[in-house]
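# Results of the structural survey
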Amino acid sequence: MTSPQPAETPTRKRSAQTATLAEIAREAGVSAPTVSKVLNGRADVAPSTRARVEELLRVHGYRRRRAESSRSPLIDLVFHELESAWAMEVIRGVENVARDTGLSVVLSESAGRLTPGRTWADQVAARRPHGVILVLSGLDESQRALLTSRSIPFVVMDPAGDPGADVPSIGATNWQGGLAATRHLVDLGHTRIGAISGPTRMMCSRARIDGYRAALETAGLPVDPGLIATGDFHHEAGYRQGLELLRRPDRPTAVFAGNDLQALGLYEAARELGLRIPQDLSVVGFDDLPVARWVGPPLTTVRQPLMEMAEAAARLVLDLGRDEGSPTATRVELATSLEVRSSTAPPREA
């Protein structure tokens, strides 16, 4: 049943991997078929046995050869949260690439966690997709080892933290975007400029606020900690933190809202307090979601090329899955740009 093989390197590689599997089975105290079940993501393996075998696979550096596995025509796309127009832009970008290559997209959500659960990793190993794209998420060491052992490539888009030098990632120039947003307000003549950040645990959020601080310092303006509120990138946070900022006796005349959803919440807070945009309050967002052009007044915002980032992540993960060697660039940042609309104006004279 076995076709004759030429006496060359591929044959020797196959023998080496067979020996490794036998060694793993002996060390784990299980049969070779059980190791094979773990490799193939079968569910009929006890969790303790699976964990023992996976650890030995990681220690031995076992990597399943791509030729030995038939991949499913899928790309796994994982979000830490899946509930906004922001996510839709990412999905569209990945779908564009998947459609052109005859693949489908599987969506997962990690319920706000920055790493998906262990069950997810087992499911991905069983599906054997062409690749995995994690958005504002990451993998722990055991998950990385599991995907690597199955030769399932992965890419992180808009990493929440430092993904590591060896993890391919696609991001945007968040610091430059925060700088441009705040500098625009400074150039209009605003001197009391507030900010609503995203979660402090997210690298993109910290980078945007660092850009905001740099713009103020460069202009010789003080950075007032009382004017910097912490949000979570959702509409409700923009509304809630906006009310606090705008009720201050020395309220800001302009606010960098951190993202478009928080900017929309800030719009609501301003209306509730009888403040007009931009006559009484200038607002800048970040992302340039389609809704930014539809609200009244249209929102000045930093365009983050979400669809292009998602397309780049999809192309990168497919490149990693081909037998063409790793791409030369594994950490890519796409440029942001300021889109000036009607939500910003010079401050009203006292």
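Scroll up for the structure.
Overview of the structure. (Residues numbered from 1 in each chain as written. Predicted model: local features only at pLDDT ≥ 70, side-chain atom pairs only at ≥ 80, totals over all residues. Heavy atoms only, no water.)

### A word on the overall build of the protein chain
In plain terms, the rule: Put simply, DSSP H or I for four residues or longer makes a helix, DSSP E for two residues or longer makes a strand, and each gets a number counted from the N terminus. When accessible area is computed with a 1.4 Å probe and restricted to protein chains, residues below 20% of their type maximum are described as buried, those above 50% as exposed, and intermediate ones as partly exposed. Should any heavy atoms of two residues lie within 4.5 Å, those residues are counted as being in contact. Where accessible areas are quoted, they stem from the Shrake-Rupley method and a 1.4 Å probe; at the residue level, only the protein chains shown are allowed to cover.
On a plain count of helices and strands, the protein chain comes out with 12 helices and 12 strands. For the protein chain, the proportion of its 350 residues judged to be buried stands at 51%. Within the protein chain, contacts between residues separated by at least 24 positions form 73% of all contacts whose residues are at least 6 apart in sequence. Within the structure as shown, the protein chain displays about 15,800 Å² of accessible surface, and the carbon and sulfur contribution to it stands at 52%.

### Describing the sheet that holds strand 6 (residues 193-197)
What counts is decided by this rule: Here a strand pair is declared whenever DSSP counts at least two bridges between the two strands. Only the stretch in contact is used when fitting a helix axis, every axis being a line fitted to C-alpha atoms; angles between N-to-C directions are given from 0 to 180 degrees.
With mixed pairing, the six strands of this open sheet are ordered in space as 7-6-8-9-10-12. The sheet terminates laterally at strand 7 (228-230) and strand 12 (337-339), the two strands that pair on one side only. Direction aside, the axes of adjacent strands within the sheet are offset by 20° on average. Where strand 6 and strand 7 come together, three bridges link them in parallel fashion. Residue pairing for strand 7: I196 is matched across the bridge by A229. Contacting strand 6, strand 7 and strand 8 (254-256), helix 9 (residues 235-246) crosses the sheet at an angle of about 150° to strand 6.

### Remarks on unusual backbone geometry
Cis rather than trans, the peptide bond between I277 and P278 has omega equal to 10°. As for its placement among the helices and strands, P278 is situated in the loop between helix 10 (260-272) and strand 9 (282-287). Looking along the chain, the bond that leaves G296 and enters P297 is cis, with omega of -5°. Tracing the chain through its elements places P297 in the loop between helix 11 (291-294) and strand 10 (300-303). The phi angle at R128 is positive, at roughly 55°, despite the residue not being glycine. Take R128: it is sitting in the loop between helix 5 (118-127) and strand 3 (131-135). The backbone of D287 shows a phi angle near 130°, a positive value even though the residue is not glycine. Its location among the elements puts D287 in strand 9.

### What to know about the sheet that holds strand 11 (residues 331-334)
The six strands lie next to each other as 2-1-3-4-5-11, forming an open sheet whose pairing is parallel. Across the chains shown, the open sheet's two edge strands, defined by having one partner strand only, are strand 2 (104-109) and strand 11. On average, each strand axis in the sheet is tilted by 20° relative to the strand beside it, whichever way the strands run. Here strand 1 (residues 74-79) runs beside strand 2; their pairing, made up of six bridges, is parallel. Opposite D76, over in strand 2, you have V106 as the bridge partner. The strands touched by helix 4 (residues 85-100) within the sheet are strand 1, strand 2, strand 3 and strand 4 (154-157), with strand 1 carrying the most contacts at an inclination of about 165°.

### Brief notes about helix 7 (residues 174-187)
Short version of the rule: To estimate the expected span of a helix, subtract one from its residue number and multiply by 1.5 Å.
Taking 1.5 Å per residue as the helical rise, helix 7 with its 14 residues ought to reach 20 Å, and the 20 Å between its terminal C-alpha atoms agrees with that figure. Here helix 7 has its buried residues at N174, G177, G178, L179, A181, T182, H184, L185 and V186.

### Examining the packing of helix 4 against helix 12 (residues 306-321)
Convention followed: By definition in this entry, angles of less than 35 degrees are roughly parallel, angles greater than 145 are roughly antiparallel, angles of 65 to 115 are roughly perpendicular, and the rest are oblique. Put simply, a crossing is left-handed when the front helix is turned counterclockwise from the back one by less than a right angle, and right-handed when it is turned clockwise. Ten residues, namely Ala, Val, Leu, Ile, Met, Phe, Trp, Tyr, Cys and Pro, are considered nonpolar, four, namely Asp, Glu, Lys and Arg, are considered charged, and the remaining ones, Gly among them, are considered polar.
Running from N to C, helix 4 and helix 12 cross one another at 40°; their axes reach a closest spacing of 7 Å. For the element pair helix 4 / helix 12, the angle class is oblique. Here helix 4 runs over helix 12; the crossing is right-handed. Between helix 4, through W86, E89, V90, R92, G93, V94, N96 and V97, and helix 12, the contact on the second element is made entirely by L306, M307, A310, E311, A314, R315 and L318. Of the residues in the contact of helix 4 with helix 12, the class split is nine nonpolar, two polar and four charged.

### Quick look at the side chain of Q304
Threshold: Polar contact is the term for a pair of N or O atoms within 3.5 Å; when the atoms are in protein, one must be able to donate a hydrogen and the other to accept it, and sequence-neighboring residues count only if both atoms are side-chain atoms.
Mapping Q304 onto the fold places it in the loop between strand 10 and helix 12. A distance of 2.7 Å separates the side chain of Q304 from the side chain of D287, its partner in a polar contact. Sequence-distant contacts of Q304, that is, excluding residues within four places in its chain, are made with W86, D158, A172, N174, R208, F286, D287, M309 and T336.

### Comments concerning the environment of A313
Mapped onto the elements, A313 comes out in helix 12. Taking the relative accessible area as the measure of exposure, A313 reaches 0% and is therefore buried. When the C-alpha atoms of A313 and M157 are compared, they prove to be 6.5 Å apart, with 156 residues separating the residues in sequence. Beyond its immediate chain neighbours, meaning those up to four positions away, A313 contacts I133, V155, M157 and I170.

Remember that the coordinates give geometry; whether it matters functionally is a separate question.
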